[in-house]
Amino acid sequence: MVFEHEIPQGTKLHFGKSARLKRNIENKACEIFYHNGFEEIITPSFSYFEHQQNFSNRHIIRLSSQNNHQISLRYDSTIDTIRIITKRLGRSTNHQKWFYIQPVFSYPTSEIYQIGAECLDMNELSTIINVGLEILSSFILDAYLQISNAKILHLCINEIGLNIESYNALCVQEVEQKALFMKQILEVNDIESLERFLSIAPMFLRFEVERLIESAKMCKHNRIIIAPLAKPVVDYYDDMVFKVFNANHTLMLGGNYNLQGYECCGFGIYTDNVVDLILQES
């Protein structure tokens, strides 16, 4: 029996103060995006399942079209945005910076409201990060920015002869015992300690460490954490990766990625988490 007041687990309900907050955040994001040269895109809620090939093992909600094609509810906005811009709109626009405000869905009944941005130029990463921080700082003053370089992790585990699954199974003490440079890099937590590590880093790591230092210094934020060996939460982020968080709330995820043959960068702000945090603090 389903009671009249119940809603499916994982769905979202905003009303009164939370609905007003959500709308204020989205309106402020639009203002900041347009000021920084972004254009808006709203992608379909449905897409062909074959276009979600990057997420074949994820909890995608599948349906069938009238022609018996497999259809899925939008699981990820980044892939559809880049595919539509490059494959469908390629002859209509050469604009490179886009934003969207829309939910994503996952099985069985989860919906997540997001504010996202994508740029078809990975060299704009610092711009992307600073735009995201500007949106968040309009509402949340106490948040940390964590920056990583996924290539450093892969170089390290290759050097010590492990794959990512074996590495994830190790505890910190076991990782430190694999090589001196692993112990040294695990002690890095800010720009200053990363610069000290650079002076003693093995040659195979120095270029990527320098890139991480450069990216961190271009971010306009006073609470930066460097996590050289952090594993990307999103599979297709394969280079510079960043996360903004407060306590247990992840507020924004982003980084560099390669899709459809384009080297891009982008982020997603978790609107529901931002609203929840503001309500808690007030």
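These remarks concern the structure in this document. Just so we're clear, the structure is a prediction, and the values are computed from it rather than from any experiment.

**As for the overall build of the chain**
- From N to C terminus, the chain includes 10 helices and 11 strands.
- Judged by the C-alpha coordinates and their principal axes, the chain covers about 60 × 50 × 45 Å.
- By residue count, 49% of the 282 residues in the chain fall in the buried class.
- For the chain, the share of sequence-separated contacts (at least 6 apart) that also reach a separation of at least 24 residues comes to 66%.

**Side note on a nonpolar patch on the surface**
- On the surface, Ile7, Leu13 and Phe15 cluster together to form a nonpolar patch covering roughly 360 Å² of accessible area.
- Among the secondary structure elements, leucine 13 is positioned in the segment before helix 1 (17-35).
- Leucine 13 sits in the exposed class, given a relative accessible area of 59%.

**A look at unusual backbone geometry**
- That bond from tyrosine 107 to proline 108 is cis: its omega, 5 degrees, falls within 30 degrees of zero.
- Within the secondary structure, proline 108 is located in the loop between strand 5 (97-106) and strand 6 (110-119).
- Phi at alanine 247 takes a positive value of approximately 55 degrees, unusual for a residue other than glycine.
- Summarising the element assignment, alanine 247 is placed in the loop between strand 9 (237-246) and strand 10 (249-259).

**Here we look at the state of the cysteines**
- Within the structure shown, the criterion is met by zero disulfides.
- Looking at the unpaired cysteine 30, the closest cysteine sulfur is the one in cysteine 119, lying at 18 Å.

**Topic: helix 8 (residues 191-200)**
- What helix 8 keeps buried is the set Ile191, Ser193, Leu194, Phe197 and Leu198. Buried residues in helix 8, looked at end-on, bunch into an arc of 160 degrees, giving them a common side. More than 90 degrees from the buried face of helix 8, the exposed residues found are Arg196 and Ser199.

**Looking at the pairing of strand 7 (residues 144-149)**
- Along strand 7, five of the six residues are buried, which leaves the element largely enclosed by surrounding structure.
- Pairing of strand 7 with strand 8 (residues 224-226), which is carried by three bridges, proceeds in the parallel orientation. Residue pairing for strand 8: leucine 145 is matched across the bridge by isoleucine 224.

**What to know about helix 3 (residues 125-137)**
- With 13 residues, helix 3 extends 18 Å between its outermost C-alpha atoms, agreeing within 8% with the 18 Å of an ideal straight helix rising 1.5 Å per residue.
- A large share of helix 3 lies buried, amounting to 10 of its 13 residues.
- Regarding helix 3, the residues found buried are Leu125, Ser126, Ile128, Ile129, Asn130, Val131, Gly132, Leu133, Ile135 and Leu136.

Thresholds, definitions, all that
Residues numbered from 1 in each chain as written. Predicted model: local features only at pLDDT ≥ 70, side-chain atom pairs only at ≥ 80, totals over all residues. Heavy atoms only, no water. Helix = DSSP H or I, 4+ residues; strand = E, 2+ residues; numbered from the N terminus. Buried < 20%, exposed > 50% of the residue type's maximum accessible area, 1.4 Å probe, protein only. Contact = heavy atoms within 4.5 Å. Patch = residues over 30% accessible without salt bridge, like charges linked within 9 Å, V, L, I, M, F, W, Y side chains within 5 Å. Areas by Shrake-Rupley, 256 points an atom, 1.4 Å probe, with all protein chains shown as cover. Salt bridge = Lys/Arg side-chain N within 4 Å of Asp/Glu carboxyl O. Disulfide = S-S within 2.5 Å. Arc of directions from axis to C-beta. Pairing = 2+ DSSP bridges. Expected span 1.5 Å × (residues − 1).

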